[in-house]
Amino acid sequence: MDAYERITRNAAEVVTEEEIEALADDPDGKRAYVGYEPSGVLHIGHMLTANKLIDLQDAGFEVTVLLADVHAYLNDKGSFEEIRHTAERMRDQFIAYGLDESNTQFVLGSDFQLDDDYTLDLHSLELETTLARAERAMAEITSGDSVKVSQAVYPLMQALDIPYLGVDLAIGGMEQRKVHMLARDVLPSIDREPPTSLHTPLIADLGTGRGKMSSSTGVTISMEDSREDIESKVNDAYCPPTADPEPTDDGESRENPVLQVFEYHVFPRFETVVVERPEEYGGDLEYGTYDGLEADLESGELHPADAKGALAAYLDRLIAPGREQLAE
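Residues numbered from 1 in each chain as written. Predicted model: local features only at pLDDT ≥ 70, side-chain atom pairs only at ≥ 80, totals over all residues. Heavy atoms only, no water.

A. The UniProt feature "short sequence motif: 'HIGH' region" (unreviewed entry) in the chain, seen in detail. This chain's UniProt record puts "short sequence motif: 'HIGH' region" (unreviewed entry) on residues 38–46. Regarding residues 38–46, the helix share stands at 33% and the strand share at 0%, and the terminal C-alpha atoms are separated by 11 Å. (UniProt positions renumbered as here; feature names shortened; annotations may be inferred. Helix = DSSP H or I, 4+ residues; strand = E, 2+ residues; numbered from the N terminus.)

Given below as structure tokens:
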């Protein structure tokens, strides 16, 4: 796998293709970043972008993880003291999950977002950005009918973080696409380059296959989960024998979240995936690629129950180091 293939593996979108190709031509020493509000415990959404950071480190990139304490404060997630304590816990979990500690820089937003230059540049962006334009990038942080002023500033800070961190590539889930497009629109107004970005897919709700898996609603998997918790959640997951399920009666599209987790979490981290089965049911199945597993599920060679059993086992192997770190 060459640098371009590793960088773009399992990406839902890159902006732009030409800019990514230029980075792939000479990736050594380039820097990628992702930002997270400190939330205490890593869940499967964090792990998806962390998998991409591991890919980028393997390709030669250095990685910056922004633990966005100021953003969390603006989003009413607690006091600064509480948020910073949470950030420290998250840092240790990322390392336990597999990020190369020697090649990962963890930065608190408050390390630079309270400086005079940053504040003045933020005010400059506020002068250049209409409220309607900012609102288009706010969907992921607003809740309820009342929008606070802090929530309008939030995406402008996300845009400004990119040049202040000195990174070459911004990483985020597809829900961050609007923020990165805002950054491309507004940063040239303060003589900053529009950022190159890469967006990871969204995984559907584990229980229904609809929408987006969320740590606040529905069922998710986190580093707090025991092996028994993981097995229970995966066994209850929506997993029809196809990668392309029928929509709901209301016409809402659905995905197969079990297959999505295999594709985006398991196969990037394990060279071979073994589905254990009794000999009377055909014996073990071994896969070197995701496509082979998907094809066997479609054909009926692989039963959804056996797929779920294997998924729970591999997720537990991925999560166990972080779970142990939390226990310590």
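Let's pick the thread back up.
B. Spotlight on the pattern of salt bridges. Using the criterion set out here, one finds 20 salt bridges in the structure. The shortest N-O distance in the salt bridge between Asp-92 and Arg-91 comes to 3.4 Å. By relative accessible area, which is 29% here, Arg-91 ends up partly exposed. A single network of salt bridges, built from pairs that share partners, joins Arg-6, Arg-9, Lys-52, Asp-55 and Asp-58. (Salt bridge = Lys/Arg side-chain N within 4 Å of Asp/Glu carboxyl O. Buried < 20%, exposed > 50% of the residue type's maximum accessible area, 1.4 Å probe, protein only.)

C. Just the domain arrangement of the chain, in detail. Under the domain assignment, the chain is made up of domain 1 (3–200) and domain 2 (227–327). Each of domain 1 and domain 2 has a C-alpha centre, and the two are 29 Å apart. Contacts between the two partners involve 14 residues from domain 1 and, on the opposite side, 12 residues from domain 2. Overall, the association of domain 1 and domain 2 removes approximately 1200 Å² of surface from exposure, summing both partners, and the carbon and sulfur fraction of that is 59%. Linking domain 1 to domain 2 there are zero salt bridges. Taken together, the links from domain 1 to domain 2 amount to seven residue pairs in polar contact (both at pLDDT 80 or more). Listing elements by their share of the side of domain 1 that touches domain 2, those giving two or more residues are α3 (44–59) and α5 (80–97). Grouping the amino acids of the side of domain 1 that touches domain 2 by side-chain chemistry returns seven nonpolar, four polar and three charged. (Domains from an automatic or database assignment. Contact = heavy atoms within 4.5 Å. Buried area = accessible area lost by both parts, 1.4 Å probe. Polar contact = N/O pair within 3.5 Å; in protein donor to acceptor, adjacent residues only side chain to side chain. Nonpolar A, V, L, I, M, F, W, Y, C, P; charged D, E, K, R; others polar.)

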